[in-house]
Amino acid sequence: MSATRTVRRVVRQKAKGPIDPSVGHKVRALRLRRGLTQRALAGAEFTKGFISHLETGRTRASLRAAGIIAERLGVKVTELLAAPTGEQEARTELRLLDAERGLAAGQPAAALDLLATVHPLPAGLTRARLRRLTGRALLELAKPAEAIRPLTEALEIATREAAGELRTRVLYDLADAHAGLDAPGEALGYLLEAQRALEAHALIDRTLELRVAGLLAAAYVRLGDLASAGRHAERATEIAIDVVDSRALASTYATLLTVREKQGDLEGALLYARKGLDLQENTGRQIAAAQAWNNIAWVQLQRGQLRAAEEAVLRALEIAQSQGVVRLRAHFLLTRGEIALHRGDPRAAEKLASEALAIQEARATIRASALLLIAQSLARRSAPVAEVRREFERALRAHGREPVRQQAHAHEAYAAYLAGKRLAREAYGHAQRALELQRPALAN
């Protein structure tokens, strides 16, 4: 009995006439959108090398080959082979420029709607610009998780096309998105890469240098490295002299206020908070203005000016409500709860912390802080010891992935409660743990 041999028929062709690279760009974009590899798209009819050459504009597809590929990609062959008209390219470019202007004017929702009307989707660097603008609009709308995907695609295209300037800008955008997700380690990786590109003169842009330096300082603050944060904050201050971009300056002021706050300079922190608020309000950036109001509330709270703090956070909550930004509302409710606890109203503090905790969109760090505030509120109103201890233990577990300074703060709060209940051995254990956590930071 002879074995049956399967004959693989391969479509072979030579390039005839000029090659239209837009066809290859469309093939690649559609393939990636459908999650296909080049080998999967090639199937039995083509080689992987042919698909690669087609996508990079080094060969062309015959009508028969284009028909097979189009069917596999789920589009009509006429759509695949249609060359973009000058009018179409001009229309896409105009929409991208209008979206950029919308973002600059503080209208991210309008910019996002405009970008959604771009059809058919462009290829190459035009597509990278489209995806980057989409990511930026989502960031402006306080949706960092949704921004990651379009920004990652933009970075992949910019890297493949060796577009150094665009790539550097997208690196910063991805860092900004991860910072918004409270992932300072990931943000730091993108920022350091962007910084290296700037130092290598991939582009000359003082505003971007300011943004990178400011966000580096913020990332180091979040990681508990105040020495590095201070160095980058000073660098940002130096660059700010040459920059007129109000958004970049406002972001830098927010970072500088955090650094000053951690250093114990509350007057300096309040000064930067007010500078940031003025810039955000003058440019009509409502969401950023709400965050600035919350920054002022937090600094005023630490200065003991509770009435001023309450007024500021209520303003932040009002803006968050009008803009429909649920995640930020959780943050502002927590600030208001802290004010209530300092005012001597633990029941109100517990209620506000519970409201913040119930918001599913709240960041992990806000949820951890809310649990700690609930424990502290129960302790302040002399709830049963077992109940208070249970809530402190929940808070400590939630702080497990938080920066060491926040973990230390939670252990210190628990130690203070245990000491007040004359549970000396356990109080000592948590105080010791807080000290161990802070040693690396103290060494810096």
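Look up: the structure comes first, before these words.
Residues numbered from 1 in each chain as written. Predicted model: local features only at pLDDT ≥ 70, side-chain atom pairs only at ≥ 80, totals over all residues. Heavy atoms only, no water.

A.B. asks: Hey, could you run me through helix H20 (residues 364-380) in this one?
C.D. replies: Quick reminder: α-helices carry 3.6 residues per turn. Residues three or four places apart thus point the same way. Look at H20: 24 Å from first C-alpha to last across 17 residues, which is about the 24 Å you get at 1.5 Å a residue. Among the 17 residues of H20, 13 are classified as buried, and the element is accordingly described as predominantly covered. Of the residues trailing H20, Ser-382 is marked for its positive phi of about 55°. (Helix = DSSP H or I, 4+ residues; strand = E, 2+ residues; numbered from the N terminus. Expected span 1.5 Å × (residues − 1). Buried < 20%, exposed > 50% of the residue type's maximum accessible area, 1.4 Å probe, protein only.)

A.B. asks: What is the right way to look at the pattern of salt bridges in this model?
C.D. replies: Close approach of charged atoms allows side chains with opposite charge to pair. Scanning the model with the defined rule gives 29 salt bridges in all. Note that Glu-318 is salt-bridged to Arg-315, the shortest N-O span being 3.2 Å. Remark: Arg-315 and Glu-318 occur in helix H17 (residues 306-323); sequence separation between them is 3 residues, near one turn of the helix. Judged by relative accessible area, which is 48%, Glu-318 ranks as partly exposed. Arg-433 serves as the salt-bridge partner of Glu-436, at 3.6 Å between the closest nitrogen and oxygen. Taken as a pair, Glu-436 and Arg-433 lie in helix H23 (residues 424-443) at a separation of 3 residues, close to a single helical turn. Glu-436 gets classed as partly exposed once you look at its relative accessible area, which sits at 38%. (Salt bridge = Lys/Arg side-chain N within 4 Å of Asp/Glu carboxyl O.)

A.B. asks: So what exactly am I meant to see when it comes to unusual backbone geometry here?
C.D. replies: What is expected of a backbone is that most residues other than glycine have negative phi and most peptide bonds are trans. Here His-119 and Pro-120 are connected by a cis peptide whose omega angle stands at -5°. Inspection of the secondary structure puts Pro-120 in the loop between helix H7 (108-115) and helix H8 (124-140). One non-glycine residue, Ala-162, adopts positive backbone phi at about 55°. Mapping Ala-162 onto the fold places it in the loop between helix H9 (144-160) and helix H10 (164-180). One non-glycine residue with positive phi stands out, namely Ser-382, at about 55°. Looking at the element boundaries, Ser-382 is found in the loop between H20 and helix H21 (385-398).

A.B. asks: What is the right way to read the nonpolar core from this model?
C.D. replies: The biggest cluster of nonpolar side chains holds 105 residues, and the ones touching the most others in it are Leu-191, Leu-210, Val-212, Phe-332 and Phe-392. When residues in this core are grouped by element, the largest group, 10 residues, is from helix H12 (residues 206-222). Those residues in contact with Phe-392 that lie beyond four places of it in its chain are Leu-372, Ala-375, Gln-376, Ala-379, Ala-413, Tyr-414 and Tyr-417. By size, the runner-up hydrophobic cluster in this structure holds 18 residues, among which are Leu-41, Ala-66, Ile-68 and Leu-80. (Core = buried A, V, L, I, M, F, W, Y, C linked by side-chain atoms within 4.5 Å. Contact = heavy atoms within 4.5 Å.)

A.B. asks: I keep staring at the packing of helix H19 (residues 346-358) against H20 and nothing clicks. Help me out?
C.D. replies: Helix-helix packing is characterised by the crossing angle of the two axes and by the distance between the axes. Close contact between H19 and H20 brings their axes to 8 Å; oriented N to C, the two are set at 160°. Relative to H20, the element H19 lies roughly antiparallel. Relative to H20, the crossing made by H19 is left-handed. Together, Pro-346, Ala-349, Glu-350, Ala-353, Ser-354 and Leu-357 of H19 and Arg-367, Ala-370, Leu-371, Leu-373, Ile-374, Ser-377, Leu-378 and Arg-380 of H20 make up the contact between the two elements. When grouped by side-chain class, the residues that make up the contact of H19 with H20 number 9 nonpolar, 2 polar and 3 charged. (Axes fitted to C-alpha atoms, helices over the stretch in contact; angles between N-to-C directions. Parallel < 35°, antiparallel > 145°, perpendicular 65-115°, else oblique. Left-handed = near helix turned anticlockwise from the far one by under 90°. Nonpolar A, V, L, I, M, F, W, Y, C, P; charged D, E, K, R; others polar.)

A.B. asks: I'm lost on the side chain of Gln-38 in this one. Help?
C.D. replies: Here Gln-38 is to be found in helix H2 (residues 38-42). Among the residues examined, Gln-38 registers a relative accessible area of 14% and is labelled buried. Of note is the side chain of Gln-38, whose polar atom sits 2.9 Å from the side chain of Glu-55. The residues touching Gln-38, leaving out its near neighbours within four places in the chain, are Arg-31, Lys-48, Ile-51, Ser-52 and Glu-55. (Polar contact = N/O pair within 3.5 Å; in protein donor to acceptor, adjacent residues only side chain to side chain.)

Functional significance is not addressed by these values, which are geometric in nature.
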